[in-house]
Amino acid sequence: MSPRPHLEIVEALRQDLEAVRHPSDGGGDVWIVEEESASREVISGSPGQWTFLYEAGPLGIAEGGWIFLQAPPFWGWSTPQVTNSEGLGFTLVSTAAEGVDLEAQTVDQGLLGIQIQGRPLEPGEQVQIVYGAGDQGAIADRFAESESRFYIAVDGDGDGVRKLVQGRLDVKVVAGPAAQLILLQPSTAQPGESIRLTVAILDATGSAGVDVEGEIRLQAEGLPDLPPVVEMKAELRGVLHLEVLVESEGVFRVAAEGPDGLRAESNPLVVSSEVDRVLWGDLHGHSALSDGTGTVEDYFRYARDVAALDVAALTDHDHWGMEPLALNPQFWAEIRRQGDLFYRPGRFVTVLGYEWTSWIHGHRHVLYFDSEGEVLSSVDPAFESPEQLWAALKGKPALTLAHHSAGGPIPTNWQIPPDPELEPVTEIVSVHGSSEAMDSPGLIYSPLPGNFVRDVLDRGYRFGFVGSGDSHDGHPGLAHLTSASGGLAAFLTSDLTREGILEALRSRRVYATNGPRIVMATRLGGRPMGADVGLDEVGMGPLGAGSAELTVWIVAPGPLDRVDVIRSGQIHESVACDGERDCRFATTMEDLEAGEYLYVRAVQVDGGAAWSSPYYLR
Ligand SMILES: [Zn+2]
Ligand SMILES: [Zn+2]
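Note that this is a predicted model, so its numbers are computed, not measured.

Attention shifts here to the overall build of the protein chain. A tally of regular secondary structure across the protein chain gives 7 helices and 41 strands. Since a compact globule built from 618 residues should have a radius of gyration of about 25 Å, the 26 Å found for the protein chain is in line with a globular shape. Across the 618 residues in the protein chain, those meeting the buried criterion constitute 52%. Taking the intrachain contacts of the protein chain between residues at least 6 apart in sequence as the baseline, contacts between residues at least 24 apart amount to 71%.

Shown next as structure tokens:
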């Protein structure tokens, strides 16, 4: 069990599953009355007004029964309320059904309950709900999404058990004004290769689709093929891509100046035979299918076109949100379908996944690299423990990744040793912060001493490290734009296929960052990052028995403060980088012993950081 389990959550989820629904629960139909809604679409974070109509089904609603309006509960929609017409979220409820009294009240965050009194609401009779009816309207989600969904639930017999009504109430939330310019390019290339430069103008919360046009001036030393000016046309909605030929070795950064004085500099591109190919991915994030933002298609499109990722997985919760993934096979089918549509071997890799959201043992996301897997729910007694989950996944091209393992919403139960085949890597950083160690930059909230990844390495567990966003804002790969910490996974491979990414993860040829695209190259005794290093392999050389040279090269977007070398539980050495963005050194590791581990942590002045996967000595 996790050191901080939430048994009450599991109990509530199971009770809801077992609750008996009266045939009239969830009855009827709902729709948006477009003509009477002041806002067909709304700018994120700004006010609007919508009219919803509910029509009772064949069984009606008993006297004492309820209609519930649930505003999207996660990202800042005003809670519907009926008491203050000058306040946000003021809601008017009415019916033409004579003799029916509607008694409305706010019952929870985002949730308005309307009780039917006087007499039953008969089949076909209607209730109108005007949300945002007051002077201030109702404030929309702070992130753009094409289908922000409202829900109506009905407790037809008034016994306290409700069920969602089938009809859809989708509201379109669009991006706000242009507020930031982002430039992204690959981190590595070879001379003679063309790279894709992504130029994106986003709103203040990182949403794409802004209404903007104008010239963007580009500048980069050593990239003669780069056009000095590109035109952002209105129909591009703020996002364009350029192919740029790379001619020579070096480190290249592109600077840009766009409309409204927006400026940006790209991540560094390192063209050198000394660094391995780096691919970028985000293996953990949520859409509106659980507690995140946007559609499945929006998620993958943002990952590919805006965040310029090579690899993306959407991992909605098995049993969390308005309509649980585990109970709605059509959602899983849609995630699988979109993933397969977006998958282009060699160009963009999608990975099928979901989050096994255990409130007893801690959360793990499950990734299926063949797009064949199923949702094995943590609420299902057949898969409620990590051992049961691993037993069901044995032999499949699947991985599980523990995340926010040192704190956050729930820490990981490390008493159960991770399955070495199914869990070769762990997510050490995300929007929740870092679970690496108590001395980590950007520490996770509610940290639990002794439960950090470094602590369990000391117990002999072996992991490679990745970061991933755990984004809920619809911005995979760029979660750090609106959060103090984000997360990215770097893959040291040139095989951009599902098989190639799985192989990189299994062999720990991966590293983690909390958002910035930091290039990290390490060698220990000539061996690649994440390797198992035999003492007999390094101990025979000119450095003497048990000694090996560690070489490190970091190229960062921002000025570097230092690079820490962590060896078997301790910061062994801290190399100052004096604010340089390029930091390179070699150091001799002496008296290495079997069972030791060694990894590197690069820290920018602004707290941006990268963590190599560890070397393990045997
Ligand atoms: Zn989680
Ligand atoms: Zn998550």
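Further remarks concern the sheet that holds strand 16 (residues 214-219). Read across the open sheet, the 4 strands follow the order 17-16-20-21; overall the sheet is antiparallel. Looking along the sheet, the strands with just one partner apiece sit at the ends: strand 17 (229-232) and strand 21 (263-265). Put simply, the sheet's adjacent strands are angled 20° from each other on average, direction ignored. Two elements, strand 16 and strand 20 (residues 255-257), share 3 bridges in a ladder whose sense is antiparallel. For Gln-219, the partnering residue across the bridge sits in strand 20 and is Ala-255.

Next up on the list: the environment of Thr-587. Among the structural elements, Thr-587 can be located in strand 38 (residues 582-589). Between the alpha carbons of Thr-587 and Leu-550 there is a distance of 5.3 Å; along the sequence they are 37 residues apart. Excluding residues within four positions of it along the chain, Thr-587 makes contact with Leu-550, Val-565 and Glu-573.

Time to look at the domain arrangement of the protein chain. When the domains of the protein chain are assigned, the result is domain 1 (7-173), domain 2 (180-271), domain 3 (274-515) and domain 4 (518-618). Placing a centre on the C-alpha atoms of domain 2 and another on those of domain 4 gives a separation of 32 Å. Taken together, the contact pairs 5 residues of domain 2 with 4 residues of domain 4. For the side of domain 2 that touches domain 4, the per-class residue count stands at 3 nonpolar, 2 polar and no charged.

Looking now at the sheet that holds strand 30 (residues 464-467). Pairing is mixed in the open sheet, where 3 strands are placed in the order 29-28-30. If you trace the sheet from one side to the other, it starts and ends with strand 29 (433-434) and strand 30, each paired once. For strand 28 (residues 425-430) and strand 30, the ladder comprises 4 bridges, and the chain directions are parallel. Bridge pairing in strand 30 places Glu-427 opposite Val-466.

Alternating residues of strand 13 (residues 169-174) divide into Leu-169, Val-171 and Val-173, all buried, and Asp-170, Lys-172 and Val-174, none buried. Two strands pair when backbone bridges link them, and strand 2 (residues 41-43) and strand 13 are joined in this way by 3 bridges, in the parallel orientation. If you follow Ile-43 over to strand 13, its bridge partner there is Val-174. Bridge count for strand 11 (residues 145-155) against strand 13 is 4 bridges, and the pairing is antiparallel. Within strand 13, the position partnered with Phe-150 by the bridge is Leu-169.

On to helix 4 (residues 386-393). Three or more residues of helix 4 are buried, namely Pro-386, Leu-389 and Leu-393. The arc enclosing the buried residues of helix 4, seen along the axis, measures out at 65°, which places them on a common side. Lining the buried residues of helix 4 we find strand 25 (349-358) and strand 27 (398-402). One or two steps after helix 4, the chain reaches Gly-395, where phi turns positive at roughly 80°.

One finds Val-510, Ile-554 and Ala-602 to be the most contacted residues of the largest nonpolar core, which totals 177 residues. Excluding anything up to four places from it in sequence, Ala-602 contacts Ile-518, Met-520, Ile-554, Ala-556, Leu-560, Val-563, Ala-609 and Ala-610.

What follows is about the packing of helix 2 (residues 296-306) against helix 3 (residues 329-342). One can describe the packing of helix 2 onto helix 3 by two numbers: an axis separation of 9 Å at closest approach and a directional angle of 30°. Of the possible angle classes, the one that applies to helix 2 and helix 3 is roughly parallel. Crossing of helix 2 over helix 3 shows right-handed handedness. Taken together, the residues of helix 3 that come into contact with helix 2 (itself represented by Val-296, Glu-297, Phe-300 and Arg-304) are Glu-334, Ile-335, Gln-338 and Phe-342. For the contact of helix 2 with helix 3, the residue count by class is 4 nonpolar, 1 polar and 3 charged.

This part is about the pairing of strand 7 (residues 101-108). The pairing of strand 7 with strand 8 (residues 111-117) spans 7 bridges and is antiparallel. If you follow Asp-108 over to strand 8, its bridge partner there is Leu-111. As consecutive antiparallel partners, strand 7 and strand 8 are separated by 2 residues, and within that stretch Gly-110 has a phi angle of approximately 80°, a positive value.

So, about unusual backbone geometry. Residues other than glycine seldom take positive phi values, yet Arg-237 does so here, at roughly 50°. Along the polypeptide, Arg-237 turns up in the loop between strand 17 and strand 18 (239-245). Despite not being glycine, His-404 has its phi angle at roughly 30°, a positive value. Along the chain, the position of His-404 falls in the loop between strand 27 and strand 28. For His-404, a count of 26 C-beta atoms within 10 Å gives the class buried.

The next point concerns helix 2. Along helix 2, 8 of the 11 residues are buried, which leaves the element largely enclosed by surrounding structure. Those residues of helix 2 not exposed but buried are Val-296, Asp-298, Tyr-299, Phe-300, Tyr-302, Ala-303, Arg-304 and Val-306. Backbone geometry just after helix 2 places Ala-308 at a positive phi near 50°.

This part is about the environment of Ala-576. Along the chain, Ala-576 turns up in strand 37 (residues 570-576). Taking the C-alpha atoms as reference, Ala-576 lies 29 Å from Arg-263; in sequence the two are 313 residues apart.

The residue Val-173 is located in strand 13 in this model. Take Val-173: there are 29 C-beta atoms within 10 Å of it, and that puts it in the buried class. Spatially, the C-alpha atoms of Val-173 and Ser-148 are 6.8 Å apart, while their sequence positions differ by 25 residues. Leaving out residues up to four positions away in the same chain, Val-173 has contacts with Val-42, Ser-44, Ala-140, Asp-141, Ala-144, Glu-145 and Ser-148.

Cut-off values and rules
Residues numbered from 1 in each chain as written. Chains lettered and ligands numbered in written order. Predicted model: local features only at pLDDT ≥ 70, side-chain atom pairs only at ≥ 80, totals over all residues. Helix = DSSP H or I, 4+ residues; strand = E, 2+ residues; numbered from the N terminus. Rg over C-alpha atoms; globule rule 2.2 N^0.38 Å. Buried ≥ 20, exposed ≤ 12 C-beta atoms within 10 Å, placed from the backbone. Contact = placed C-beta atoms within 7 Å. Pairing = 2+ DSSP bridges. Axes fitted to C-alpha atoms, helices over the stretch in contact; angles between N-to-C directions. Domains from an automatic or database assignment. Nonpolar A, V, L, I, M, F, W, Y, C, P; charged D, E, K, R; others polar. Arc of directions from axis to C-beta. Core = buried A, V, L, I, M, F, W, Y, C linked by C-beta atoms within 7 Å. Parallel < 35°, antiparallel > 145°, perpendicular 65-115°, else oblique. Left-handed = near helix turned anticlockwise from the far one by under 90°.

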